[in-house]
Each structure stands twice: as structure tokens, then as C-alpha cells.
2 protein chains.
Amino acid sequence: MTATWRDTAVTQLLGVRLPIIAAPMAGGPSTPALVAAVSEAGGLGVLGCGYDSPDRIRAAIAEVRRLTDKPFGVNLFVPTPVEIDDTAVAAALAALEPFAAAYDLDIALTPPFAEDFDAQLEVILDERVDMFSFTFGVPSYNALAALRGAGIAVCGTATSLAEAVALQQTGGVDAVCLQGTEAGGHRGGFIGAPEDSLVGIETLVSEVRSAVDLPLIAAGGIMDGRGIAAALVGGADAAQLGTAFLRCPEAGTSAPYRAALETARDTDTVITKAFSGRAARGVRNALSEALADVPVPPYPVMNALTRELRRRAAAAGDSSVLSLWAGHGVAAGRALPALKLVITLASETDVAFTRTHGEGR
Amino acid sequence: MTATWRDTAVTQLLGVRLPIIAAPMAGGPSTPALVAAVSEAGGLGVLGCGYDSPDRIRAAIAEVRRLTDKPFGVNLFVPTPVEIDDTAVAAALAALEPFAAAYDLDIALTPPFAEDFDAQLEVILDERVDMFSFTFGVPSYNALAALRGAGIAVCGTATSLAEAVALQQTGGVDAVCLQGTEAGGHRGGFIGAPEDSLVGIETLVSEVRSAVDLPLIAAGGIMDGRGIAAALVGGADAAQLGTAFLRCPEAGTSAPYRAALETARDTDTVITKAFSGRAARGVRNALSEALADVPVPPYPVMNALTRELRRRAAAAGDSSVLSLWAGHGVAAGRALPALKLVITLASETDVAFTRTHGEGR
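Residues numbered from 1 in each chain as written. Chains lettered and ligands numbered in written order. Predicted model: local features only at pLDDT ≥ 70, side-chain atom pairs only at ≥ 80, totals over all residues.

### Side note on the overall build of chain A
When you go through chain A residue by residue, the secondary structure sums to 13 helices and eleven strands. Here chain A has a C-alpha radius of gyration of 19 Å; the compact-globule value for 361 residues is 21 Å, and the two agree. With respect to the principal axes defined by its C-alpha atoms, chain A has extents near 60 × 45 × 40 Å. Here chain A, with 361 residues, has 57% of them falling under the buried criterion. Here the contacts in chain A between residues at least 6 apart in sequence split such that 70% fall between residues at least 24 apart. (Helix = DSSP H or I, 4+ residues; strand = E, 2+ residues; numbered from the N terminus. Rg over C-alpha atoms; globule rule 2.2 N^0.38 Å. Buried ≥ 20, exposed ≤ 12 C-beta atoms within 10 Å, placed from the backbone. Contact = placed C-beta atoms within 7 Å.)

The structure is reproduced here in C-alpha cells:
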């Protein structure tokens, strides 16, 4: 009985042993070492390359391949139009001023704000990675077809039933990653305001399972084998965990970020646009509190405005102005090597299934 | 295999056949007919009596007993101090004025704002119902001991790990109901601001399971057998469903409320204090939008201010100023008789377990 949960539509699609995916965590945490360790353990590691130049993406892929010959994935952000609203920029600058002053920093808005998506995508296609996942929107049908034609499993991100149905209707994706409200980091949706699309993962998986005939990956708040088992029983074909991997030694999580994760409780996260201009969940801190009601400019403009401030704060060990992305399960994070964590998760999942069916508790 | 999920610490505690509880929905929906039908089907129906006078509670209990000899429960609100903040009352009155004018209503603040909790509790004790659950706080140890001494199973409500641990530490509760952020209606917590304690149910169940050694009831966003199975595998001993029962013919849900439920989507609910002064989740409407940023007075003062307006709106079939409590799963609601719904839920739970373990999908 305990073996069967491993064999799902997602493990078949990706050619992996375990329906356990390490979420792409752009901006540092998802290093090639973390991705390779998860894939070596039988799960699927995914590089979060949304902020990276094509050259850096190519180098990261090469590094993963140096460390493992197992399948792995890459995630990118689908671009949204850049609109510079001078009023919002001024409001953001005014709110950021006290924080910038502490670092003797004069914040300037300097383009480019984001990397060239088409050039990033070219690398994915060229390198023929095993899986490509995307967030914040939907690439063109032609782009999706080219990726699938190259043998790459393509996975879209949905935060509501409507988005999951829209992804299926493109006819261009192999699987849907469902991001529950619990999830840390950026909201990945694309219909309506991301901050209004905050559905609990269990509810989201079940409603989408009834309407969408694609393999489903559940993400949000999953920290252990009980959560993985619940996602699978609830209708998903795999579980994707991000926050659970943030404290692994292989993760590129900065020292002040790690320190904040160690003491955060389940009620300490908040949805904020203070760091990037796009709704994301992280541990509440001074910057998210100070900018809670400021009408900041949208991503990627706000992201560019706070970039240097965040870099200096990380270097100074100051978590008060860092984006401390984390999900509802943050308090259950474990500082284990990634390979050991994946093995532990699989073993806990076995136990969760056995307990409910066999000897009781 | 499919039989064993029915036998849990909660079914043993309550003496019922199924670990399926119909949530107490005060203010109308949880009629004696609904409660009795759920209990007849093998689950546990729970009267939501927070707003009711002792006489009305006694009458409702008698009516359930006329309809069934099966176990059932009663839920009450633990009182919080009544503070009348004139500034907040004035702000609320100003914001409510356009809505009141449409009904030619002159809103006045007239005590008493809430029923006498001790007198309500006296009825529970006297009637020796099978299960008593409470929200918004924790009754005194003496009160809990008296209830348990009378053979009543006592269940507290927690929205975070800290609250669940606090309930265990009282030494006075038999089970903990965990309310995830997905849940419709009032937030039941008591540590910190209820609107800041919004943890997804899967995460909440797993973290509490690791720390608390009491039977756990999972509530929030559960609408079908997949959700029940996920809750049980995830570490709960029973699932509590509210929104799933709102459209049953036996429920006291008003006609305009039902109409709103029929068209609501997963992203249409919002946490609001606009109706009662206490954070609650419901379908977004004109009143919740208009009062989103108004610093209204706390429960029960705000509840008293909007009471007559809501009564008139319900009578007029106007959902724009009604509290349309509902959870994330609102779109998956079914207009089935309660007995049939419980039987369907049990059958779906069987299927969910079989699919994950046996023949795959």
C-alpha cells in the first residue's frame, strides 16, 4: 500500500521516482546544489531563474548537470507590461526614504527593470531541460508548442479554478501547478489582481480536479509527509514544497533570512507588495509594515526600486528590509540536507497513509 | 480499507458513525432540521446558538430531539468585553447611512448587544447535549469542568498553533476544532487579532498534530470526500463542513443568501468586519466593499448596529447588505438534502482513499 502513492501522473510525466517537487525560489534560495540534491533523492528540483540573465541561466543549468544526471526543471516569470506611474514611484520613494537613509543610499530608478523573457526562454529550449514551469501569465501558444516539441514537460501556474481552466484551454500545457494561499513568495496567477486570488490549497485542488483533466501539482503550506499525503488524497498528482527547503544547507537563503525563518510562527506571514510591486507572501517585517498602505508601482518597477536596498541589507545581516518569502508552514521548516529531507518526507508520507488505513493512531 | 477511516478518536468521543460534522452556523442556517438530518445520517449536527436567548436554545434542542435520537452538539460564542468607542460608532453610522436610507431606517444603538453567556451555558448543562463547542475565547476552567462532569464532550476552537496549545493547556477540553483561513463565517480564535490568524487548514492540522495530543477536527474549505480524506490523512480525526450544507433545503439560509451562493466563485470571498465588528469570511458585496477601510466598533456593538438593516434586507431579497458567510469552497456547494449529502460525502471519501492506494486514477 505504501508504495502506490509514488506512482502518479506527474512522476510518469517527469520520469522521477517521487511526486515531490522543490519549488523554484528565485532570487537566491534555489541554487544548483539544492536542485541537484532534490533530483538525486528522487524528487524534482526546479531552478527559479525569473531574475537571471540568459548567461546565468545557462551556467546554472550546466552546474545542475555537473552534479546530477537526474531530471530537473526551470521556472521563469512571464512578463507583464512595464508601466511607470510617476505618482506611485514618488509615493514608494517617500516611503522607502527612511530605510534608504539608514544605508546612506540614494534610490534611483534605472532600467532595465527585468530580463528579456524571449532570450531566457531561448536558453530553456536550447538546453532541453526536463521540465519548464511558468508564473505570472501564459506564454504564447507557439512558445509552448516549441517547448513541448523539444520534449520539455510544460507546467503552468494557477491560483484559482478560472486560471486552471484557462491553462487547460490553451492546449499547450502538460500539467498545472496549483498555488494555494499558504504558499510563500510571489503569487503566480494571471486573472484579476494576484492579491485577490488566495484560495486554500485543499479547496483549490479538489475544485480543479473536478474540472481539469491534466496532472495537478499542489503547492502551499506543505511541510511534511502528512501534507504530501493530504495533497495526493485530495486530488493532486504531486506536492511542491518551497518553504520546507529554505533552511537546507544547499539553499542560497541569506543568513538574516535564515534567522528570521527560525523564529517565525504560523501567523507571522503577510501578503505584501512592498518589495517587488507584486503580491507575495513573506514574514512580516519593518518594510512590509511601513509600506502596507502605500500604493507602490507594479512589478517589475518596484522590484527595481528596492533591489539595491535589499542587497545592502542582506550584506549587513539586516532582515528588517529583506523580502523574507515564506509560507504558512514556516515554523515547521527543518535545517536538514536536501537529500535527507526528501527521504524523510517520503518516509513520513508512507506513515501518513499507513496510519489512516491500518492500525489507527 | 475503505471502512477504517470511519473509526477515529472523534467518532469514538462523540459516539457517531462518521467523522463528518456539520459546522454550527449561527444566525439562521443551522436549523434543528439540518442538525437532526446530519446526525440521522451518521455524522454530527451542531446548533449554532451564539445569538439565541436561553429559551430559544432550549426550544431548538427540544426540536432536534423530536427529530432524532442521535448525538448532536451546540455551539456558543464566549463573550468579549463590550467597549463602546463613540468615534468608531460614528464612523460606522456614517458609512452605513446610505444603506440605511434605502430602507428608510434610522439606525440606533440599543443594548443589550449580546445574550447572557452564563444563562446560555446553563441550558447546555441542564439539557446535557452530547457535544458543546465554543469560539472567540475560552470559558472558565470551572465551566468546562462542569460541562465535562455532565458527560458533555467539550470542544474548543483554534485558528493557530498557539491557540491549540493554549486549549490543551487548559486541561478542560476533549477535542480541538481547527479553523483554517478557508472557513466561512466568523474567525473563532482568541490570541491576537482574528484577522491576522489566517492559516490554511492543511498546514494548521499538521503543525498542531505534532504538538497537541487531543482529537482534532479540521474545518475550512472542505466541500467533498476528497477534502475529508485529505483532512484525515493530514492528521485530523474528523472534518467539519459549513458552507457545504448552506444550500441544503433544511438549512435556514435566506433566499437572497442562497442566490448569492449559487453564483459565487472561489475568489469571491473576503474577510470583513463590516457586519459584526469581528473578522468573518463571506461573499464580497456592496456593504463589505463600502466598509472595507472603516474602523468599525468591535463585536458585539457593530453586530447590533447592522442587525435591523440585515433583517430588512433579507426580507426584501437584497443580498447587497446581508452577511453572506461562506468559505473558499463556496462554488462547490450542492443543493442536496442533508441526509443525502452526508451519504454522498462518505461515499466520496471511500473513493478518494481507494484511488490513491489501489488502482490509481
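### A closer look at the domain arrangement of chain A
Residues and elements named next belong to chain A. If you check the domain split of chain A, you get domain 1 (1-79 + 114-250 + 337-361) and domain 2 (83-113 + 255-329). Centre-to-centre, using C-alpha coordinates, domain 1 lies 25 Å away from domain 2. Looking at the side of domain 1 that touches domain 2 residue by residue, the classes come out as six nonpolar, seven polar and four charged. (Domains from an automatic or database assignment. Nonpolar A, V, L, I, M, F, W, Y, C, P; charged D, E, K, R; others polar.)

### Observations regarding the nonpolar core
Membership of the largest hydrophobic core comes to 232 residues, with the highest contact counts inside it found for A:Val176, A:Leu178, A:Ile217, A:Ala218, B:Leu178, B:Ile217 and B:Ala218. In this view, B:Ile217 contacts B:Val10, B:Ile21, B:Cys155, B:Ala175, B:Cys177, B:Leu178, B:Ala236, B:Asp237, B:Ala238 and B:Gln240; residues no more than four positions away in its chain are not counted. (Core = buried A, V, L, I, M, F, W, Y, C linked by C-beta atoms within 7 Å.)

### Some remarks on the relation of the copies chain A and chain B
One chain copy maps onto the other through a rotation about an axis and a shift parallel to that axis. The transform that puts chain A on chain B rotates by 180° and translates by 0.0 Å along the axis, for an RMSD of 0.0 Å. Within this description, the copies of the chain are treated as partners about a two-fold rotation axis. Using C-alpha coordinates, one finds that chain A approaches the rotation axis most closely at A:Ala230, a distance of 2.0 Å. The fraction of interface residues of chain A whose copies in chain B are also interface residues reaches 98%, indicating that both copies meet through the same surface. (Least-squares fit on C-alpha atoms with pLDDT ≥ 70 in both.)

### Description of the interface of chain A and chain B
Accessible area lost upon the coming together of the parts is a frequently used measure of interface size. Chain A puts 49 residues into the contact, and the matching count from chain B is 48 residues. Put simply, the parts of the chain that give the side of chain A that touches chain B at least two residues each are α7 (161-170), α8 (201-211), α9 (225-233) and α13 (338-357) of chain A. Broken down by element, the residue count for the side of chain A that touches chain B peaks at seven residues, all from α8(A). By residue class, the composition of the side of chain A that touches chain B is 18 nonpolar, 20 polar and eleven charged.

### As for the environment of B:Ser140
As for its position among the elements, B:Ser140 is in the loop between β4 (131-135) and α6 (141-149). In this structure the C-alpha to C-alpha distance between B:Ser140 and B:Thr170, which are 30 residues apart in sequence, comes to 9.1 Å.

### Quick notes on the packing of helix α3 (residues 54-67) of chain B against helix α5 (residues 117-127) of chain B
Residues and elements named next belong to chain B. Axis separation between α3 and α5 bottoms out at 9 Å; the angle between their running directions is 25°. By the angle class used here, α3 and α5 are roughly parallel. Note on packing geometry: the crossing formed by α3 with α5 is right-handed. For the pair formed by α3 and α5, the contact residues are Pro 54, Ile 57, Arg 58 and Ile 61 on the first element and Ala 119, Gln 120, Glu 122, Val 123 and Glu 127 on the second. Here the contact of α3 with α5 is composed, by residue class, of five nonpolar, one polar and three charged. (Axes fitted to C-alpha atoms, helices over the stretch in contact; angles between N-to-C directions. Parallel < 35°, antiparallel > 145°, perpendicular 65-115°, else oblique. Left-handed = near helix turned anticlockwise from the far one by under 90°.)

### Concerning the sheet that holds strand β2 (residues 44-48) of chain B
Residue and element names in this part refer to chain B. The eight strands lie next to each other as β1-β2-β3-β4-β5-β6-β8-β9, forming a closed barrel whose pairing is parallel. The mean inter-strand angle of the sheet, taken between neighbouring strand axes irrespective of direction, is 25°. As judged from the three bridges shared by strand β8 (residues 216-219) and strand β9 (residues 238-241), these two strands associate in the parallel manner. Its bridge partner being in β9, Ala 218 is matched across the sheet by Ala 239. The sheet contacts of helix α7 (residues 161-170) involve β5 (153-158) and β6 (175-179), and relative to β5 the element is tilted by about 155°. (Pairing = 2+ DSSP bridges.)

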